[in-house]
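So the chains spell out like this:
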Amino acid sequence: MNLRRFIFTVYLGAFFALAAAAGVFFWQTRAEYDRLRQQQVESQRRLQDLEQRLAEQEKVLERLRTDPAYVEKVIRQQLGYAKPDEYIFRFPP
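What counts, and at which threshold
Counting restarts for each chain: residues are numbered from 1 in the order of the written sequence. With pLDDT at 70 or above as the cut-off, local features in this predicted model cover only qualifying residues; side-chain atom pairs require 80 or more to be listed or tallied, and sums for whole chains, interfaces and linings still use all residues. Computation of side-chain values: all heavy atoms of the structure, hydrogens and water removed. Note on definitions: salt bridges are taken to be side-chain nitrogens of Lys or Arg within 4 Å of carboxyl oxygens of Asp or Glu. A helix here means a DSSP run of H or I that spans at least four residues, while a strand means a run of E at least two residues long, and both kinds are numbered starting from the N terminus. The buried label applies to any residue whose accessible area, calculated with a 1.4 Å probe on protein chains only, is under 20% of its type's maximum; exposed applies above 50%, and partly exposed to all values in between. Patches were defined on residues exceeding 30% relative accessible area and lacking a salt bridge, with like-charge contacts within 9 Å and nonpolar side-chain contacts (Val, Leu, Ile, Met, Phe, Trp, Tyr) within 5 Å. Residue exposure ignores everything except the shown protein chains as possible cover, and the areas themselves are Shrake-Rupley values with a 1.4 Å probe. Side-chain rings of Phe, Tyr and Trp, where Trp is taken by its six-membered ring, are said to pair if the distance between their centres is within 6.5 Å; with planes under 30 degrees apart they count as stacked, over 60 as edge-to-face, and otherwise as tilted. Sitting over a ring, as applied to charges here, requires NZ of Lys or CZ of Arg to be within 6 Å of the ring centre and within 35 degrees of the ring normal.

Draft legend 1. Here's a closer look at the pattern of salt bridges. The final tally for this structure, using the stated rule, is seven salt bridges. One salt bridge connects E72 with K83, and the closest N-O pair in it is separated by 3.4 Å. Of this pair, E72 sits in helix α2 (residues 68–79) while K83 sits in the segment after α2, placing them 11 residues apart in sequence. Since its relative accessible area comes to 33%, E72 is described here as partly exposed.

Draft legend 2. Representation of a nonpolar patch on the surface. Side chains of L3, F6, I7, V10 and Y11 sit close together on the surface and give an oily, nonpolar patch of about 560 Å² of accessible area. Considering the arrangement of structural elements, one finds F6 in helix α1 (residues 2–66). Residue classification places F6 among the exposed positions, given a relative accessible area of 53%.

Draft legend 3. The arrangement of the packing of aromatic side chains in detail. All told, the structure shown has two aromatic pairs when counted by the stated rule. With centroids separated by 5.4 Å and ring planes inclined at 65°, the aromatic side chains of F25 and F26 adopt a geometry described as edge-to-face. Each member of the pair, F25 as well as F26, carries the same accessibility label: exposed. Between R63 and the ring centre of Y70, over which it is positioned, the NZ or CZ distance is 3.9 Å.

And the structure:
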C-alpha cells in the first residue's frame, strides 16, 4: 500500500507541475494576445486617420486638376507669385 501511495503522490505532483506550467504558458500567451490586440486597435485608428488625410489630399488634387482659380490661389499663396504689374507687400509677423 505504501508503494501505491508513493506512485499516487508522484503522479499528483507531476499533474500539479504540468498544470502550473500550462497556467504560466497560457498567462503569457494571454498577455501577448492583449498586447497584439492593442497594437491592432492602434493600427486601425492610424489607418482611419491616414485614409481621411488621403481623401482630403485627393480632393485638393482634384481641385488642382479642374479649378484654374484654385491653382492660381495656391501658386500665389505658396510660391509668392504675382501677375505682371502687381506688387507684393510682405510684412513681418
